[in-house]
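Chain by chain, the residues run as shown.
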Amino acid sequence: MEASHAPIAQEQPWNLLQKPIRVEMLTSPFSQPVFDDENYAVIRHFVGLNAEIIQILSAVMNFSIVYQDPQSIYGYAQVNGTFTGALGRLLTNKSDIGMTLFFIRDYGTRDIEFTTPIYQDQLCVVVRKAHRIPEAVLPLLTFSVTSWISFLLSFVGCSIFWMILRNVNAKRMFVASTEQLYMMNNFSDYVHIAVDTGILFVSSPLLKLPKIWSERIFVISICLMSTIIFAYFESTLATVFVNPLYLKDINTLGDLESTDFPIEIHEHIAFDPLFDSKSSLMQRIQIVGKNHQLSHIVEHGNISLVLKQTAIKFDFSHWFRLKRMHQLPDCPRTYMTAFIMPKKSVYFDRDRDRDISRAGACAHTQPKKSVYFERINALLLRLVRSGFIQKWITDTKFNWTLESTRLHGSLDKQDYVVLELIDMEFPFYILLGGYVVGFFLFIGELCFADAIVDF
């Protein structure tokens, strides 16, 4: 029973016996370094998805972690055949494992192995967010075009119906010569009815009610309809002011093609063609060593960028949360990401030499895959299937959002204002004043009812 409590059996082939493993873990949303000193020279540990995974691998496989330079780059192949960044150090035996998520693709070398896929990432095009619609135009946008046309047709129909009703009532009930003034004798009478209908449609009171009860009932029906319409209008208008509306964004590659924006893509992610070879967008791609700052794009809006979706969700999330930038929904490239290990690592060679010597292999015998590589893949697969990877991704996103809010809180204040009691003081006085005036008018009507003209 005591042997079963030992952390790792010594005879296990994947037990590294606390050997130092040089780990390439670059600074990213999934791996944030925590330093021991103020000069940022000594790394204490990392936090994030990649850090959680490497800690589990270290505990299970019994090795010590030696972090490399976290401020390096991913790396790519140069013209002379060498590689830069973390990829170059892995291929030159300066590191043993790359615990940074690389796109699963051809990097121009067969000397690396990809682990089990961990996460799906995309290359997406981002542009400046369209401008806000002016507040003066917002009331016109509370209804759709169809609703406005229906509203206008209802107004015309009600006006015509009222005119017909007025003529019918005049011919039926007012035959005496003294009542001929009620007849529709000239154009101004029709205009008067149209104006009264418009007043009712905007929920305003009529100065004079019609004499005939059938017309009064018709007026009441218009008032009920206008009350419902304006209740919906006011609620929608309030929603529009709380959630601002914007002009039409660039939402498709076709929309982007109709503009003349250059498309900047960093050389570290400019691997494969993004668009169809016949598309005019291919001629506008500019591979750069350093992208324009997003603040420059927000100010000028004449450039589009290609970014990783991970960077959009984490590094630049505040620009999208504040609606300064906009991502095209359809991303031109999708990659699975994984960690990488060099085939010519020191530990790989030792394991392969041991397998070959035991089998008595000839010179042409193909070496087997490292037992370490197989063990790491098995552990990663179990973490993916059990849901721990997704859980750590969610935790990383939550922590990153909190940190982004702390760092960019001043930007949030430009759009969001916390209402206090003093902000509601003036509207309250206006409402109270309206109630007081209405109360005295009601008392006045009761007291001087005889003096009011009976319409």
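Before any of the text, the structure's been laid out above.
A.B. asks: Go over the overall build of the chain with me, naming the residues and quoting the values.
C.D. replies: The helix and strand inventory of the chain stands at 14 helices and twelve strands. Burial statistics for the chain: of 455 residues in total, 38% are counted as buried. Residue pairs in contact within the chain that sit at least 24 positions apart in sequence constitute 72% of those at least 6 positions apart. Roughly 27,600 Å² of accessible area belongs to the chain as shown, and the carbon and sulfur atoms make up 61% of that amount.

A.B. asks: Describe the state of the cysteines, listing the residues and the values that go with them.
C.D. replies: According to the stated counting rule, one finds one disulfide in the structure shown. Disulfide pairing is shown between Cys124 and Cys331; the S-S distance is 2.0 Å. A torsion of 90° about the S-S bond marks the disulfide between Cys124 and Cys331 as right-handed. Here Cys124 is found in strand E7 (residues 119-128), whereas its partner Cys331 is found in the loop between strand E11 (325-327) and strand E12 (333-342), with 207 residues between them in sequence.

A.B. asks: Explain empty space enclosed by the protein to me, using residue names and the numbers behind them.
C.D. replies: For the structure on display, the rule yields two cavities of 30 Å³ or more. Counted as a void, the second largest cavity has a volume near 50 Å³. Around the second largest cavity, the lining residues are Tyr74, Phe102, Phe103, Tyr107, His268, Ile269, Phe271 and Lys308. Among the residues forming the lining of the second largest cavity, the class breakdown is six nonpolar, one polar and one charged.

A.B. asks: Lay out the layout of surface pockets with the relevant residues and their values.
C.D. replies: Taken as a whole, the largest pocket encloses approximately 970 Å³ of empty space. Surrounding the largest pocket, 36 residues form its lining, Tyr74, Lys308, Ala311, Asp315 and Phe316 being those nearest its centre. For the lining of the largest pocket, the elements supplying multiple residues, two or more each, are strand E5 (97-103), E7, helix H7 (294-300), strand E10 (304-308) and helix H8 (309-313). The element contributing the most residues to the lining of the largest pocket is E10, with four residues. The class makeup of the residues in the lining of the largest pocket is 17 nonpolar, 15 polar and four charged.

A.B. asks: Explain the environment of Gln78 to me, using residue names and the numbers behind them.
C.D. replies: Mapped onto the secondary structure, Gln78 falls in the loop between strand E4 (63-67) and helix H2 (85-91). Linking Gln78 and Gly108, residues 30 residues apart in sequence, is a C-alpha distance of 9.7 Å.

A.B. asks: I'd like a rundown of the pattern of salt bridges, residues and numbers included.
C.D. replies: Within the structure shown, the criterion is met by seven salt bridges. In this structure, Arg22 engages Asp96 in a salt bridge whose closest nitrogen and oxygen atoms are separated by 3.0 Å. One end of the pair, Arg22, is in strand E1 (residues 19-24); the other, Asp96, is in the loop between H2 and E5, and 74 residues separate them in sequence. A relative accessible area of 25% means that Arg22 is categorised as partly exposed.

A.B. asks: Describe the nonpolar core, naming the residues involved and giving the relevant values.
C.D. replies: Ranked by size, the top nonpolar core spans 33 residues in total, and within it Leu49, Ile53 and Met99 carry the most contacts. Mapped by element, the contributors of at least two residues to this core are E1, helix H1 (49-61), E4, E5, E12, helix H11 (371-386) and helix H12 (388-407). Residues in contact with Ile53, not counting those within four places in the same chain, are Met99, Phe339, Leu380, Leu383, Ile389 and Trp392. Grouped together as the second largest cluster of nonpolar side chains are 25 residues, Ala86, Ile112, Ile269 and Leu328 included.

A.B. asks: Please give an account of the packing of aromatic side chains that cites residues and values.
C.D. replies: Per the counting criterion, the structure on display carries 16 aromatic pairs. Between Tyr74 and Phe102, the aromatic rings sit 5.3 Å apart at their centres with planes inclined by 80°, giving edge-to-face as the arrangement. Of this pair, Tyr74 sits in the loop between E4 and H2 while Phe102 sits in strand E5, placing them 28 residues apart in sequence. You can call Tyr74 partly exposed: its relative accessible area is 25%. A residue is classified by how much of its surface remains accessible, and Phe102, at 2% relative accessible area, is buried. The interplanar angle of 10° and the centroid separation of 4.4 Å between the aromatic rings of Phe103 and Tyr335 together place this pair among those described as stacked. Pair noted here: Phe103 is in strand E5 and Tyr335 is in strand E12, with a separation of 232 residues, a long-range link. We note that Phe103, like Tyr335, is buried. Three or more aromatic residues joined by ring pairs make a cluster, and in this case those are Phe30, Tyr119, Phe314 and Trp400. Above the face of the Tyr107 ring, Arg105 is positioned so that its terminal group lies 5.1 Å from the ring centre. Directly above the aromatic system of Trp213 lies the positively charged group of Arg216, at a separation of 5.0 Å from the ring centroid.

Thresholds applied
- Think of each chain on its own: its residues are numbered from 1, step by step along the sequence as written.
- At least 70 in pLDDT is required for a residue's local features to be given in this predicted model, at least 80 for side-chain atom pairs to be given and counted, and no such filter applies to totals for whole chains, interfaces and linings, which use all residues.
- Side-chain numbers come from the whole structure's heavy atoms, not from hydrogens or water.
- Numbering of helices and strands runs from the N terminus, with a helix taken as a DSSP run of H or I at least four residues long and a strand as a DSSP run of E at least two residues long.
- We call a residue buried when its accessible area falls under 20% of the maximum for its residue type, exposed when it is over 50%, and partly exposed in between, using a 1.4 Å probe and counting protein chains only.
- Residue contacts follow a heavy-atom distance rule, with two residues in contact if any of their heavy atoms lie within 4.5 Å.
- The method behind every accessible area is Shrake-Rupley, applied with a 1.4 Å probe, and residues are considered shielded solely by the protein chains displayed.
- Disulfide assignment relies on a single distance test, namely cysteine sulfur atoms paired within 2.5 Å.
- Any residue with an atom within 4 Å of a point lines the site, the site being either a cavity, points on a 1 Å grid over the protein atoms alone where a 1.4 Å probe fits but cannot get out, or a pocket, an open set with protein on both sides within 12 Å along at least 5 of 7 lines.
- Grid points are joined across faces, edges and corners, and a volume is the space filled by probe spheres set on the points.
- Throughout this entry, Asp, Glu, Lys and Arg are counted as charged residues, while Ala, Val, Leu, Ile, Met, Phe, Trp, Tyr, Cys and Pro are counted as nonpolar. The remaining residues, Gly among them, count as polar.
- The salt bridge criterion pairs a side-chain nitrogen of Lys or Arg with a carboxyl oxygen of Asp or Glu, the two atoms within 4 Å.
- We call a set of buried residues a nonpolar core when its members are Ala, Val, Leu, Ile, Met, Phe, Trp, Tyr or Cys and they connect through side-chain atoms within 4.5 Å of each other.
- Two rings from Phe, Tyr or Trp (for Trp, the six-membered ring) form a pair when their centres are within 6.5 Å of each other. A pair whose planes differ by under 30 degrees is stacked, one over 60 is edge-to-face, and the rest are tilted.
- Cation placement over rings: the criterion is NZ of Lys or CZ of Arg within 6 Å of the ring centroid and within 35° of the ring normal.

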